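Survey of secondary and tertiary structure
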Amino acid sequence: MRRKLPAVLLSAALAFVVTACGSGSGGTTTADDGKITLGFSQVGSESGWREANTKSIKESASTAGIDLKFSDAQQKQENQIATIRSYIQQKVDVIAFSPVVVTGWDAVLKEAQAAKIPVVLTDRAVDSDASLYVSFLGSDFVKEGEAVGDWVLNEYKDATGPVNIVQLEGSVGSAPAIDRKKGFEAKIASNPNLKVIASQSGDFTRADGKEVMTAILKANPKIDLLFAHNDDMGLGAIQAIEEAGKKPGVDIKIVTIDAVKDGMQALADGKINFIAECSPLLGDQLMEIVKQIKAGQPVEKRIITKETTFTQEQAAEALPSRKY
Ligand code: AHR
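Computed from a predicted model, the values in this text were never measured in an experiment.

Overview of the overall build of the protein chain
In terms of regular secondary structure, the protein chain is built from twelve helices and twelve strands. Dimensions of the protein chain along its principal axes, counting C-alpha atoms only, are 85 × 35 × 30 Å. Out of the 324 residues belonging to the protein chain, those deemed buried represent 50%. Charged side chains of the protein chain number 37 positive and 42 negative; the gap between the two group centres comes to 6 Å.

Some details on the sheet that holds strand 11 (residues 302–304)
Strands sit in the order 2-1-3-4-5-11 across an open sheet of six strands; the sheet is parallel. The open sheet terminates on both sides in strands that have one partner only, identified here as strand 2 (67–72) and strand 11. On average, each strand axis in the sheet is tilted by 15° relative to the strand beside it, whichever way the strands run. Across four bridges, the pairing between strand 1 (residues 37–42) and strand 3 (residues 94–97) is parallel. Bridging across to strand 3, L38 finds its partner in V94. Most of the contacts of helix 3 (residues 48–64) go to strand 2, to which it runs at about 160°, and overall it touches strand 1 and strand 2.

A closer look at unusual backbone geometry
Even without being glycine, K91 reaches a positive phi, approximately 55°. For K91, the location among the structural elements is in the loop between helix 4 (77–89) and strand 3. For K91, a relative accessible area of 31% translates into the label partly exposed.

Thoughts on the site of the ligand
Close to the ligand lie E46, S47, W49, R50, D123, R124, F141, P176, R180, F204, N230 and D258, which account for all nearby residues. A distance of 2.8 Å separates an oxygen atom of the ligand from a polar side-chain atom of D123. In the model, an oxygen atom of the ligand is placed 2.9 Å from a nitrogen or oxygen of the R180 side chain. Coverage of the ligand by the protein chains reaches 100% of its 280 Å² of free accessible surface. Looking at the shell around the ligand, the elements with two or more residues in it are helix 3 and helix 7 (175–188).

Some details on the domain arrangement of the protein chain
Splitting the protein chain by domain gives domain 1 (31–139 + 280–306) and domain 2 (141–278). Inter-centroid distance (C-alpha atoms) of domain 1 to domain 2 is 30 Å. Between domain 1 and domain 2, the residue contacts involve 14 residues of the former and 18 residues of the latter. Here domain 1 packs against domain 2, burying approximately 1,100 Å² in sum over the two surfaces, 55% of which is carbon and sulfur. Per-residue buried area on domain 1 facing domain 2 is highest for W49, R124 and S139; these three make up 40% of the total on that side. For the side of domain 1 that touches domain 2, the class distribution of residues is six nonpolar, four polar and four charged.

A closer look at the nonpolar core
Counting residues in hydrophobic clusters, the biggest one holds 29 residues, and the most contacted among them are M213, L226 and M264. Of all elements in the fold, only strand 6 (163–169), helix 8 (206–219), strand 8 (225–228), helix 9 (231–243), helix 10 (261–268) and helix 12 (312–318) reach the threshold of two or more residues within this core. With near-sequence residues (within four places) excluded, M213 lies in contact with V166, I223, L226, A237, A240 and I241. Formed by 24 residues, the second largest nonpolar core is a distinct cluster that contains V102, F141, L153 and F227.

Analysis parameters
- Residues numbered from 1 in each chain as written.
- Predicted model: local features only at pLDDT ≥ 70, side-chain atom pairs only at ≥ 80, totals over all residues.
- Heavy atoms only, no water.
- Helix = DSSP H or I, 4+ residues; strand = E, 2+ residues; numbered from the N terminus.
- Buried < 20%, exposed > 50% of the residue type's maximum accessible area, 1.4 Å probe, protein only.
- Lys, Arg positive; Asp, Glu negative; His and termini not counted.
- Charge placed at Lys NZ, Arg CZ, Asp CG, Glu CD.
- Pairing = 2+ DSSP bridges.
- Axes fitted to C-alpha atoms, helices over the stretch in contact; angles between N-to-C directions.
- Contact = heavy atoms within 4.5 Å.
- Near = heavy atom within 4 Å.
- Polar contact = N/O pair within 3.5 Å; in protein donor to acceptor, adjacent residues only side chain to side chain.
- Areas by Shrake-Rupley, 256 points an atom, 1.4 Å probe, with all protein chains shown as cover.
- Domains from an automatic or database assignment.
- Buried area = accessible area lost by both parts, 1.4 Å probe.
- Nonpolar A, V, L, I, M, F, W, Y, C, P; charged D, E, K, R; others polar.
- Core = buried A, V, L, I, M, F, W, Y, C linked by side-chain atoms within 4.5 Å.

Structure follows, in structure tokens:
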């Protein structure tokens with residue numbers, strides 16, 4: 001018995017090292033060439049923000065020398081689940097994904113955990129148990145909605161009558177749509193003059209933003225303010241407002257979230273009145289997290305992206321050096 005003990009301990013220690021290094025089952029993927037393999041499932045290419053986010057992830061992986069397997073889910077959860085399952089089969093070292101919606105991830109996350117492949121959430125949250133993923137890197141969407149709500153509160157602090165507000169929501173069931181709405185509506189609730197008269201999803205795209213706003217304009221002759229959950233829907237709505245013969249930023253004030261270049265240009269041009277930033281530049285931080293996991297180092301469970309807000313004057317100043 002005494003002689004057997006060290007061998008048992010040795011194999012247990014080896015098993016721990018393989019797990020701590022975050023290798024796929026058996027750790028075969030990285031043992032050969034020493035390279036880390038990251039499987040990333042992206043939401044889609046619905047917005048300027050998303051394009052900038054994809055670029056950031058691809059560039060940062062290449063700079064960090066990480067072998068990136070990248071897949072675009074075209075805003076469909078079933079595509080993301082199929083991709084994650086294929087990354088599990090391929091025994092990648094780490095899986096990262098930006099979940100299209102909040103719910104419905106338990107089964108696939110448990111499969112990744114059973115295969116000992118660490119999962120990192122980027123950009124968007126899930127409602128699964130936090131033990132099913134290692135870390136979540138992304139913005140505080142409630143705070144973004146609150147920042148917009150604060151601007152609106154201040155803008156209409158002296159209003160003596162109703163202020164009619166339209167909200168263009170992001171993709172149904174997605175974390176940014178849920179949280180931005182929550183943060184915004186909680187803030188404006190303190191002024192009873194501020195009334196949301198219509199609130200519909202524009203799926204975070206410019207085309208849907210235009211289509212939904214066109215219909216809302218037809219049904220509502222008096223709109224004072226539009227809150228679009230992202231720049232792209234706001235930019236689509238601007239086209240609808242102009243086609244309806246109104247002046248965006250003046251006849252209808254517009255507030256959005258993201259601060260991508262097109263949005264910032266519209267803000268500097270006076271067609272948007274205020275933007276809360278949501279940074280898509282997550283690539284470098286994600287690669288750092290992946291390396292830490294692979295090295296068996298502890299990583300923070302929640303990493304919140306640093307962000308700011310922009311007025312029209314601040315946008316004009318920031319535009320020349322804007323990275324996305
Ligand atoms: O999850 C981040 C959001 O998704 C961005 O604000 C929006 O533009 C994108 O589509």
